[in-house]
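Coordinates in review
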Amino acid sequence: MRKFIYFFCLIFFSTFCISAKTVKTGYYIDSGDFMSGFGPEDPKDGYAYEYLQTIASYTGWEYEYVYGSFAELIEKIKNDEIALMGNVTYTEERAKDMLFSTIEQGSETFYFYVLTENSDYVKSDISNLNGKKIGINAGSYQVSLFKEWCAENNIDCELIEYHDNDQRGLDLNSKELFGIIESTIKGKNSVTQYWVPVFNIGSAPFYFVVSKGKPDVFKKLNDAQET
């Protein structure tokens, strides 16, 4: 009996090792509770990280994490330098360059934040935003969403795109920026007690995306999510 169990385990282990696939996966360097651990030696945690581990439990994948900002990683997906990344909002333009998972990964709501001391000033007259510097995540869906919001509300502000969310937060705290656009995911966000959301800019579901050069990864991802 022991020999049988040993033989069975050996076959299972060998089969798993043969079928295991290393998937180059985008890992955000500045996403707080969503995906923490900014380098190979850092402990990993967060909603997106745990979701990836669940996917791997069905696919047998091992991940080779590639670190970067959203704008950097989205370009790597387009160029087939990485196979997979999460937290990408669907647009028709993006769908030309990458494959979107059938099932959404989650949803997020976007807010306009200011320092607590400025909240009443903004709420009293939205036109006070005219001419102000506003920080936003470079290359994100938020850029077009906020531009539409500004057009609808006749706001003419200076939009500054950041590749580093930490620096964007520091610039808000130091008053280099008047406000920022930030999102909340599953009720969590990376904002501080000194920032106040004064306007809801909009919301949208987000998805995993796969390089068009990796159809096998795309199929396994969809199968795992459906499971």
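Anything mentioned here points back to the structure above.
**Side note on the overall build of the chain**
Each helix and strand in the chain was counted, giving 8 helices and 9 strands. When burial is assessed residue by residue, the chain has 46% of its 227 residues classed as buried. Sequence-distant contacts, at least 24 apart, represent 72% of the contacts inside the chain between residues at least 6 apart. As presented, the chain carries roughly 12,100 Å² of accessible surface, and 52% of it is formed by carbon and sulfur atoms.

**Some details on the layout of surface pockets**
Volume-wise, the second largest pocket comes out at about 200 Å³. For the second largest pocket, the lining is made up of 13 residues, of which Lys 78, Thr 91, Glu 93, Arg 94 and Gly 139 are closest to its centre. Counting only elements with at least two residues in the lining of the second largest pocket, the list comes to α3 (70–78), α4 (92–95) and α6 (141–152). In terms of residue count, the dominant contributor to the lining of the second largest pocket is α3 (5 residues). When its residues are assigned to classes, the lining of the second largest pocket shows 4 nonpolar, 4 polar and 5 charged.

**Some thoughts on unusual backbone geometry**
Within the chain, Asp 80 stands out as a residue other than glycine whose phi angle is a positive 60°. With respect to the element layout, Asp 80 can be found in the loop between α3 and β3 (84–89). In this model, Lys 175 sits at a positive phi of 70°, which is unusual for a non-glycine residue. Along the chain, the position of Lys 175 falls in the loop between α7 (165–173) and β8 (179–185).

**With respect to the pattern of salt bridges**
Scanning the model with the defined rule gives 9 salt bridges in all. Linking Glu 81 and Lys 76 is a salt bridge whose minimum nitrogen-to-oxygen distance equals 3.4 Å. Assessed through its relative accessible area of 40%, Glu 81 is described here as partly exposed. Notably, a salt bridge pairs Asp 80 with Lys 214, separated by 2.8 Å at the nearest N-O pair. Of the two residues, Asp 80 is situated in the loop between α3 and β3 and Lys 214 in the loop between β9 (195–211) and α8 (215–226); the sequence distance between them amounts to 134 residues. On the basis of relative accessibility, which here comes to 35%, the residue Asp 80 falls in the partly exposed class. For Lys 214, a relative accessible area of 24% gives the class partly exposed.

**Topic: the packing of helix α2 (residues 47–59) against α8**
Packing of α2 against α8 brings their axes to within 9 Å, and their N-to-C directions diverge by 105°. Classified by the angle their axes make, α2 and α8 are roughly perpendicular. Contacts between α2 and α8 pair Tyr 51, Ile 55, Tyr 58 and Thr 59 from the former with Lys 220, Leu 221, Ala 224 and Gln 225 from the latter. In terms of residue class, the contact of α2 with α8 is built from 5 nonpolar, 2 polar and 1 charged.

**Examining the nonpolar core**
One finds Tyr 28, Trp 61, Tyr 63, Leu 84, Met 85 and Val 88 to be the most contacted residues of the largest nonpolar core, which totals 35 residues. Elements supplying a minimum of two residues to this core: β1 (22–28), α2, β2 (62–68), α3, β3, β4 (98–100), β9 and α8. At 6 residues, the largest contribution of residues to this core is made by α2. When neighbours within four sequence positions are excluded, Tyr 28 is seen to be in contact with Phe 34, Met 35, Phe 38, Gly 68, Ser 69, Phe 70, Leu 73, Met 85, Gly 86, Asn 87 and Val 88. Core analysis: the next-biggest nonpolar cluster, separate from the first, contains 21 residues, Leu 129, Val 143, Leu 145 and Phe 146 among them.

Calculation notes
Residues numbered from 1 in each chain as written. Predicted model: local features only at pLDDT ≥ 70, side-chain atom pairs only at ≥ 80, totals over all residues. Heavy atoms only, no water. Helix = DSSP H or I, 4+ residues; strand = E, 2+ residues; numbered from the N terminus. Buried < 20%, exposed > 50% of the residue type's maximum accessible area, 1.4 Å probe, protein only. Contact = heavy atoms within 4.5 Å. Areas by Shrake-Rupley, 256 points an atom, 1.4 Å probe, with all protein chains shown as cover. 1 Å grid on protein atoms, 1.4 Å probe; cavity = no way out; pocket = protein on both sides within 12 Å on 5 of 7 lines; lining within 4 Å. Points joined across faces, edges and corners; volume = space filled by probe spheres on them. Nonpolar A, V, L, I, M, F, W, Y, C, P; charged D, E, K, R; others polar. Salt bridge = Lys/Arg side-chain N within 4 Å of Asp/Glu carboxyl O. Axes fitted to C-alpha atoms, helices over the stretch in contact; angles between N-to-C directions. Parallel < 35°, antiparallel > 145°, perpendicular 65-115°, else oblique. Core = buried A, V, L, I, M, F, W, Y, C linked by side-chain atoms within 4.5 Å.

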